[in-house]
Each structure stands twice: as C-alpha cells, then as structure tokens.
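Examination of the molecular architecture
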Amino acid sequence: MEKTAPVLQDVESVDRQSGDPQESQDVSAAISDQRLRELGYKSEFRRDMSLFGVLGISFCAIGILTGMSSAFQTGLFSGGPLGLFWGWNICSLFMLLIALSLAEICSAYPTMGGLYFWVCKMKPEVPMLGFCTGWIYSIAMTFTGTSGNLSVALYLASLAEVGQGRTLSRVEIAAIAWGVNIASGIINTVGTRAIGGMSTFNLWWTLGGTLVLVVTLLVKAPVKNTAAFVFTDYENFTGWQSRGFVVLLGFLQAVYTLEGCETAAQVAEEAKRAELLAPLAVVGSIAGSWLIGLAYMLALLFSVQSIASVQGTSFAIPIAQLYYDAVGQKLTLMCLTVVALAQFMAAVTAFTASSRLFYALARDNAFPMKGRFMALNRYQAPYWGVWTSVVIGCVISCAYIGSTVAFNAILSSAAIAVMLSYLQPIIIRVFWPSTSLPDHGPFSLGRWSWPINFASFLFTVFICVLFILPTAHPTDALNMNYAVVAVGAVMLLVGACWAFWGRTRFKGPVATVRREHEKALM
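Every value quoted in this text rests on a predicted model; they were computed, and no experiment measured them.

A closer look at the overall build of the protein chain
Secondary structure assignment for the protein chain yields 21 helices and 0 strands. Taken across its 522 residues, the protein chain has 59% of its residues classed as buried. For the protein chain, the proportion of contacts with a sequence separation of at least 24, taken over those separated by at least 6, is 83%. For the protein chain, the exposed area adds up to about 20000 Å²; of that, 66% sits on carbon and sulfur atoms. Taken as two groups, the 31 positive and 28 negative side-chain charges of the protein chain have centres that lie 4 Å from each other.

Pasting the structure below:
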C-alpha cells in the first residue's frame, strides 16, 4: 500500500483550519479522497451524496414497488400465494447474506468500479476475471435500464387501456420506450446532484407509495382473502407436475425484484465517507426492501379477486388487472401512476450505474475510446457512457417490435448476468479468504465472514441454474426459456473482446494518482 502521511496531513489541515459550517462534511470528503488515493485513483467527482442519496440509489435500482408489480404474476402462476410468501422471505434472507458479503468488500474498496474493481483487486494475477466481470456487469446494467424503460412504456400503455380503453400497438410501446430512454439519458447528463436528489426523492416516494397502495388495496377490495389463502394456497399455471419445482420457479420473482443493492458502489466516488455509507446502503437497501416488499405483497395477496382473471388479462401489465378488479378504474389509474414513476426512477439509476462502470473500465484500459468515456461534462457526468447506454437501450427496444420472445430473452439474461457478477467476488472470498481481503474497511463481518460468503455462494449458484430452466411444460418454441441462449451470447461476446482486444491492453487497475504525479514532474 502506498504511503499516506501526506494525505493524512491534508485531512488534519482541513480539520484545523476550516471554520465553515460544512467543516465536518469537508473532513468526511477528505477521508474518502484519501482512501481513493490509497487505491491508486485521483478523485474526479464532487462528493455531493449523503447517506440518503446513496441509499436511495440502491433503493432505486432494486425498485421494490416496480419489481414486485412487474414480476408478481410470475410467482402468482408458479406456486401461487404459498410460493410468493415463503419464496419472498427465503430469498430475501439469502439476498441479505449476499448484500453483507458485498458490503464488506465495498467497505475495503469504495470505488465506482464496484464488482469489477473488487475482483481485480482480490485476484490481480488473473486480469481476465476482472475484465470479464466488468463487461458482463456493464452489459447487465444497460439491459436492466432498457428493461425498466420498457416497463415504464408498458405501464403507460396500461394507463391508456384502463383510462381510455385504447390498446397500444407494439410499435407505439417501443416508441414510448425510446422517449423514456432519452429522458433517462437527459437526467443522467445533468449529473451527480440531480441523481442524488432523485434517489433521495425515490426513497420517500417508495415509502409513501407503498403506504398508499397498501391502504388503497385493503380498504377498497370488495372481497378480502383469508389468511389460509394467503399463506397456504397453491396455484400452478406452468404445466409442470412437481409441486416443489413449481414453487421454486416462483423464487425467480423475488430474486429479480431484489437485485440491485450493489449499485451504491457505482456512486462511491461521489459520496461522503464512501467506505462507510456505501456498504451501509448496500445492506440497508435489502433489509428495507424485504420489509416494504412483504407489506406490499401481503396487501396484493389479501386483495386479489381472481388469479384466473390476472392470468387471462389483456392489459399490457398483468398487475393492472389485479388493481382493476380490486379497486376499480379510477384508483387503478392512481396505483399505476405511483408504480410507473417509481419504475422510471429505477431505470434512470441503472443507466447511472452503467455509465459509471464504463468510466471505471475506460480508466483502467478495459474499455475502448478511453478519452471519450472518461470525459466529464460541466455537471460532472460521464456523458459518453450515459448516451452509449441510451443508444443500446433504443436498439434493444426495437427488438420488442419484431418479437417479444427475443426481447424477453435478452432482458432475462440481465438478471442472470447480475447474479453471475455477484458470484465472482464471492467465489474469491470463499476459496481465498485470507489473501483476498488483507485490509478490511470500517464495515467488517469478522468471524462470520466466511460462513456468510459460503451461504451466499451456494444460493447464487442455485439461482443461476434455476434462472435458465424451462418455466413451462410442455416446452415449445414460444414458451421456451431462451435466457440461456442470450447469456451464452453475452459470454461469447465478452470472451471474444478479451481474446482479440482486452488481453493485450488490460493488465489490471491503473493508478491515476501516479500518472498525475509523473505529469507534474515533467
């Protein structure tokens, strides 16, 4: 590790000399900048994000209202209320363990490279591992943002169907998705303060919105289901005969909803006391989402009037049918609006993560056009990464016009790619526990570190396998789970990029502090 005496002196001088009311914040930022310089990087971003801002980023990325609403029918048709309730709690527990594993690493290495940088730092002798993790995760974040923006378009289409009785075509929905993609790009271009403010707003919107939705459903639903129905009713619309397997398929809804806690690491270089706030946000976002999601799920289960009606709906988003049956037309419009706005903020955050990751990869020679992807505008936004994400999102949205099967396969691969990206640093912590993290940050699991990492490893492998299994029987060309094909294509693309470009250029993280020092001496 590099000597830190000059940096400590800078921190002390700030502490002694500053009489400004923002003195403590300046000291916090200086401490985080010190740790970043120890890791070899010069601070390039303003540290404008507080705990609520960083926590809001993870909440945005998880999108508890949006993930639950968009994927609710998956669990409802695969195991029913029984699978939804127990699957949610089981998966939330294991996702919390994964969050604890990632938070410990994040505390030691609080940089915007996140998962990619952690793998590089913990296994520097295998640069290919870090390179592939970074590329797979950046693709996953771009696909996730694209998926979120299309979901916004589908919510808007459902609003048109419920409010005006007008069914939008796939071309119209794709056009709306284009507009939402561009809007996400504009907000991300405005920079850190706008994203931090939006993520803080989303945190309160999620809390307030959940309360409004829960109260509306429980008060207005004409028929309330019994506790026996909510906790024990089994439903199966998959065609599979194995009761256990069908319930396990319902787990996918919970995992899909809870992905995204690690996004706090993507803005670590824009947060005060990032070595503490970022890991707290990683863990806090999962813990909070577990409880908020449970309250929302129970309200949905107690209020659903007919599972068959939801299964046979003509609305663009199946959850719209559940609302329509339970609360009527006018309140359905309100509920869909609450979820749609939360979905938009979640999609914006995915592009925030992807653009920061493009910047981090370019900084370390792991991404082409280094100068452009490291360029910041006057709002401190890496705008090349932002608009690359937007363009990719618009192109993928066009696939929705031609084939929803192909589009769904592309987006399903994003969920698997995220879990595969989690798997890389966790594997290293399991099999090289003593050498992979020699210096811990302020957030440490202590003697519980290895058991938690091992449990996280087993669950992540299990979910990655579950994600690629067929979800319907008998399987045909229309209901086949093509996610395995899409994931295979992503891995082939990343492997080709390493073989023909990365292996000759990428050697691991590049210390920008040393480069700046050398320039000053010239």
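A few points about a nonpolar patch on the surface
On the surface, a nonpolar cluster with roughly 670 Å² of combined accessible area is contributed by I182, I186, V190, M369, Y379, Y383, W384 and W387. The set of elements that each furnish at least two residues to the nonpolar patch consists of α8 (170–190) and α17 (383–402). Mapping I186 onto the fold places it in helix α8. Overall, the relative accessible area of 48% leaves I186 in the partly exposed class.

Concerning the packing of helix α3 (residues 51–62) against helix α15 (residues 329–363)
Packing of α3 against α15 brings their axes to within 7 Å, and their N-to-C directions diverge by 110 degrees. On the basis of the axis angle, α3 is roughly perpendicular to α15. Contact residues: α3 offers I57, C60 and A61, while α15 offers M345, A346 and T349. Of the residues contributing to the contact of α3 with α15, the split by class is 5 nonpolar, 1 polar and no charged.

Some points on unusual backbone geometry
The step from H473 to P474 runs through a cis peptide bond, and the omega angle for that step is -5 degrees. In this structure, M369 is a non-glycine residue whose phi angle is positive, near 55 degrees. Considering the arrangement of structural elements, one finds M369 in the loop between α15 and α16 (370–373). The backbone of Q380 shows a phi angle near 65 degrees, a positive value even though the residue is not glycine. Mapped onto the elements of the fold, Q380 is located in the loop between α16 and α17.

Describing the environment of L249
Considering the arrangement of structural elements, one finds L249 in helix α11 (residues 243–258). Given a relative accessible area of 2%, L249 falls into the buried group. Taking the C-alpha atoms as reference points, L249 and G196, 53 residues apart in sequence, are found 36 Å from one another. What L249 contacts, discounting residues up to four positions off in sequence, is T74, S78, T238, W240, L466, P470 and T471.

Remarks on helix α19 (residues 449–467)
Here α19 is 19 residues long and its end C-alpha atoms lie 27 Å apart, about the 27 Å a rise of 1.5 Å per residue gives. Residues S449, I452, N453, A455, S456, F457, F459, T460, I463, C464, L466 and F467 constitute the buried set of α19. On its buried side, α19 packs onto α5 (80–108), α11, α18 (404–431) and α20 (483–505).

A look at α3
The terminal C-alpha atoms of α3 lie 17 Å apart, and with 12 residues this matches the ideal 16 Å at 1.5 Å per residue to within 8%. Note on α3: the residue one or two positions beyond its end, G63, has a positive phi of about 60 degrees.

Some words on the pattern of salt bridges
Scanning all chains against the criterion turns up 4 salt bridges. Between E275 and R273 there is a salt bridge, and its shortest N-O distance comes to 2.5 Å. Owing to a relative accessible area of 26%, R273 belongs among the partly exposed residues under this scheme.

What to know about the confidence of the model for the protein chain
Summary statistics for the protein chain give a mean pLDDT of 85 and a share of 92% for residues scoring 70 or more. Averaged pLDDT values over the elements of the protein chain bottom out at 37 in helix α1 (residues 5–17) and peak at 95 in helix α14 (residues 318–327). Scored below 50 in pLDDT, residues 1–19 makes 21 contacts in the model with residues more than four places away or belonging to other chains. Taken together, the stretch residues 515–522 has pLDDT below 50 and engages in 4 contacts with residues farther than four places along the chain or on a different chain.

Some words on the side chain of S354
Note that S354 resides in helix α15. Non-local contacts of S354, meaning those with residues more than four positions away in its chain, are made with S138, M141, T142 and S389.

What to know about the state of the cysteines
Evaluation of the coordinates by the stated rule reveals 0 disulfides. Take C106: it sits in no disulfide, and the sulfur closest to it among the cysteines is that of C261, at 9.8 Å. On the basis of relative accessibility, which here comes to 0%, the residue C106 falls in the buried class.

Thoughts on the packing of helix α7 (residues 127–164) against α17
Angle between the axes and distance between the axes: these two values describe a pair of packed helices. Axis separation between α7 and α17 bottoms out at 9 Å; the angle between their running directions is 55 degrees. With respect to α17, the element α7 is oriented oblique. For the crossing formed where α7 meets α17, the hand is right-handed. Of the residues in α17, those touching α7 at T142, F143, T146, L150 and L154 are S389, I392, G393, I396, S397 and Y400.

Let's talk about the side chain of R429
Mapped onto the elements of the fold, R429 is located in helix α18. Among the polar contacts made by the side chain of R429, one reaches the side chain of E104 at a distance of 3.5 Å. Residues contacting R429, with those up to four places away along its chain left out, are E104, I105, M122, S436, L437, H440, S449, W450 and N453.

Considering the packing of aromatic side chains
With the rule as written, the count across this model stands at 21 aromatic pairs. Taken together, a centroid distance of 4.8 Å and an interplanar angle of 85 degrees make the contact between F85 and W86 edge-to-face. Its relative accessible area of 12% is what places F85 among the buried residues. Taking the relative accessible area as the measure of exposure, W86 reaches 45% and is therefore partly exposed. Summarising the aromatic geometry, the rings of F85 and F231 are spaced 4.7 Å apart at their centres and angled 75 degrees between planes, so their arrangement reads as edge-to-face. Of this pair, F85 sits in helix α5 while F231 sits in helix α10 (residues 227–232), and the two are 146 residues apart along the sequence. What makes F231 partly exposed here is its relative accessible area of 26%.

What counts as what
- Sequence order as written defines residue numbering, which begins from 1 separately in each chain.
- Under the rules for a predicted model, residues below a pLDDT of 70 receive no local features and side-chain atom pairs below 80 are neither given nor counted, while totals for whole chains, interfaces and linings still include all residues.
- To obtain the side-chain values, all non-hydrogen atoms of the structure were included, while hydrogens and water were left out.
- Here a strand is any run of E in DSSP of at least two residues, a helix any run of H or I of at least four, and the numbering for each starts at the N terminus.
- Relative accessibility thresholds used throughout: buried, under 20% of the residue-type maximum; exposed, over 50%; partly exposed, between the two (1.4 Å probe, protein chains only).
- Two residues form a contact once any of their heavy atoms are found within 4.5 Å.
- Per-residue accessibility takes into account occlusion by the displayed protein chains alone, with areas from the Shrake-Rupley method and a 1.4 Å probe.
- Under the convention used here, Asp and Glu are negative, Lys and Arg are positive, and both His and the chain ends fall outside the count.
- In plain terms, the charge of a residue is placed at NZ if it is Lys, CZ if Arg, CG if Asp and CD if Glu.
- Residues enter patches when they are more than 30% accessible in relative terms and free of salt bridges; like-charged ones are connected within 9 Å and nonpolar ones (Val, Leu, Ile, Met, Phe, Trp, Tyr) within 5 Å.
- We define a salt bridge as a contact between a side-chain nitrogen of Lys or Arg and a carboxyl oxygen of Asp or Glu at a distance within 4 Å.
- For helices, the axis comes from a line fit to the C-alpha atoms of the stretch in contact; other axes are also lines fit to C-alpha atoms, and the angle between any two N-to-C directions lies between 0 and 180 degrees.
- By the definition adopted for this analysis, an angle is roughly parallel if under 35 degrees, roughly antiparallel if over 145, roughly perpendicular if from 65 to 115, and oblique otherwise.
- Amino acids outside the nonpolar list (Ala, Val, Leu, Ile, Met, Phe, Trp, Tyr, Cys, Pro) and the charged list (Asp, Glu, Lys, Arg) are all regarded as polar, and Gly is one of them.
- In this scheme, a helix's expected span is set at 1.5 Å multiplied by one less than its residue total.
- What pLDDT expresses is the predictor's confidence in each residue, scored from 0 to 100.
- A pair of sulfur atoms, both from cysteines and within 2.5 Å, is called a disulfide here.
- The hand of a helix crossing depends on one turn: near helix anticlockwise from the far one by less than a right angle means left-handed, and clockwise means right-handed.
- Pairing of N or O atoms within 3.5 Å defines a polar contact, subject to two protein rules: one partner must be a possible hydrogen donor and the other a possible acceptor, and residues neighboring in sequence count only if both atoms are side-chain atoms.
- Between 30 and 60 degrees the pair is tilted, below 30 it is stacked and above 60 it is edge-to-face, where a pair is any two Phe, Tyr or Trp rings, Trp via its six-membered ring, whose centres lie within 6.5 Å.

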